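So the chains spell out like this:
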Amino acid sequence: MSEILPGHLRHLEHEAIHVLREVAAQFDRPHLLFSGGKDSIVLSWLAHRAFHPAPIPFPLLHIDTGHNFPETLAFRDAWVDRLGARLEVRLVQDSIDAGRVQEETGPRASRNALQTVTLLDALKELRVDAAMGGARRDEEKARAKERFFSHRDVHGQWDPRNQRPELWSLYNGRMNPGEHFRVFPLSNWTELDIWHYIEAQEIPFPELYLAHDRLVFEREGILLAVTEHVTLDADETPSRRTVRFRTIGDATCTGATLSDADSLRAVIDETAAARTTERGGRSDDRRSDSAMEDRKRQGYF
């Protein structure tokens, strides 16, 4: 269907497919990190297109915090079946049970940061040499510093000041034993590009992205969904609101947006008019001014 794409989307599609094929050519055990969110959905769809009619030549890997929205997990399983892909799942709960991480406590407890250890353990267990993800440079200032091929040391850590140049679409995947790369084929896409591509290619997505009625409460200016994993403060009162989510992640820190955009076209129009970033509603990014960069240095995706 790419022949119906506008010119800039066609360029972005070709660029991403080129990066995916470079990964397949340069690395022995690549995996595609899959969360069930719109970016990883588009990335997995591009992987399907890149190697069709052959199956996707690498597994999808989901790091499950155990605090996902049920709609996300249901979509994940249906989407993997549709693609005919292989899915690996690693659980943060297993890391907690093994004593690898300690569960946070209190009303603002989240497992979002804990998944870094689960991810690094999974990459080591599966001997992954390239972990691909749907992160985009427009999402957050730390992600804007990444290259397409982003080197990680033997500890899975990232040094933003010591990255390799990428000239003329040439990507350097050389590494020492124990090191690996994070690869970002959607680096140059924007949130609006993602939605336009989903519309053009008629790609399904979780209904969490559309306006719906949900029980939420406000915490520090962010609307959070009421789930079994969230503890409300005494002064926090839930109410039923019409909301949608611009990102999908751990339910304990993923903020909702008041919205009446109940169709894909309405979501595109709303996104075009938005004046806040999609991660503006993520409470985990507000723990410090450099929260995302600090987590990425430690091995977070």
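Our structure is the block above this text.
Please read these numbers as outputs of a predicted model, since none were measured by experiment.

Observations regarding the sheet that holds strand β1 (residues 30-33)
Logical step 1: The strand order across the open sheet formed by six strands is β3-β2-β1-β4-β6-β5, and the pairing between neighbours is mixed. The open sheet terminates on both sides in strands that have one partner only, identified here as β3 (87-91) and β5 (149-152). The average angle at which neighbouring strand axes cross in this sheet is 30°, direction not considered.
Logical step 2: Relative to strand β6 (residues 180-183), strand β4 (residues 130-132) runs parallel, the two sharing three bridges. In the sheet register, Ala131 faces β6, and the bridge partner there is Arg182.
Logical step 3: The sheet strands contacting helix α2 (residues 38-51) are β1, β2 (60-64) and β4, and the helix crosses β1 at an angle near 140°.

Here we look at the pairing of β6
Logical step 1: Burial of β6 is two-sided: the residues His180 and Arg182 facing one way and the residues Phe181 and Val183 facing the other way are all buried.
Logical step 2: Pairing of β5 with β6, which is carried by four bridges, proceeds in the antiparallel orientation. Paired with His151 across the two strands is Phe181, which belongs to β6.

Quick word on the packing of helix α1 (residues 7-26) against helix α6 (residues 191-201)
Logical step 1: Where α1 contacts α6, the two axes come as close as 11 Å, and the packing angle between them is 95°. The angle between the axes of α1 and α6 places the two elements in the roughly perpendicular class. Along the contact surface, α1 presents His8, Leu9, Leu12 and Glu13, while α6 presents Asp193, His196, Tyr197 and Gln201.
Logical step 2: In the contact of α1 with α6, the residues fall into three nonpolar, three polar and two charged.

Some points on the sheet that holds strand β8 (residues 222-225)
Logical step 1: The strand order around the closed barrel built from four strands is β7-β8-β10-β9, with neighbouring strands paired in antiparallel fashion. Across the sheet, the axes of successive neighbouring strands diverge by a mean angle of 70°, strand direction being ignored.
Logical step 2: The pairing of β8 with strand β10 (residues 255-258) spans two bridges and is antiparallel. Note that in β10 the partner of Leu224 across the bridge is Gly255.

The rules behind the values
- Residues numbered from 1 in each chain as written.
- Predicted model: local features only at pLDDT ≥ 70, side-chain atom pairs only at ≥ 80, totals over all residues.
- Heavy atoms only, no water.
- Pairing = 2+ DSSP bridges.
- Helix = DSSP H or I, 4+ residues; strand = E, 2+ residues; numbered from the N terminus.
- Axes fitted to C-alpha atoms, helices over the stretch in contact; angles between N-to-C directions.
- Contact = heavy atoms within 4.5 Å.
- Buried < 20%, exposed > 50% of the residue type's maximum accessible area, 1.4 Å probe, protein only.
- Parallel < 35°, antiparallel > 145°, perpendicular 65-115°, else oblique.
- Nonpolar A, V, L, I, M, F, W, Y, C, P; charged D, E, K, R; others polar.

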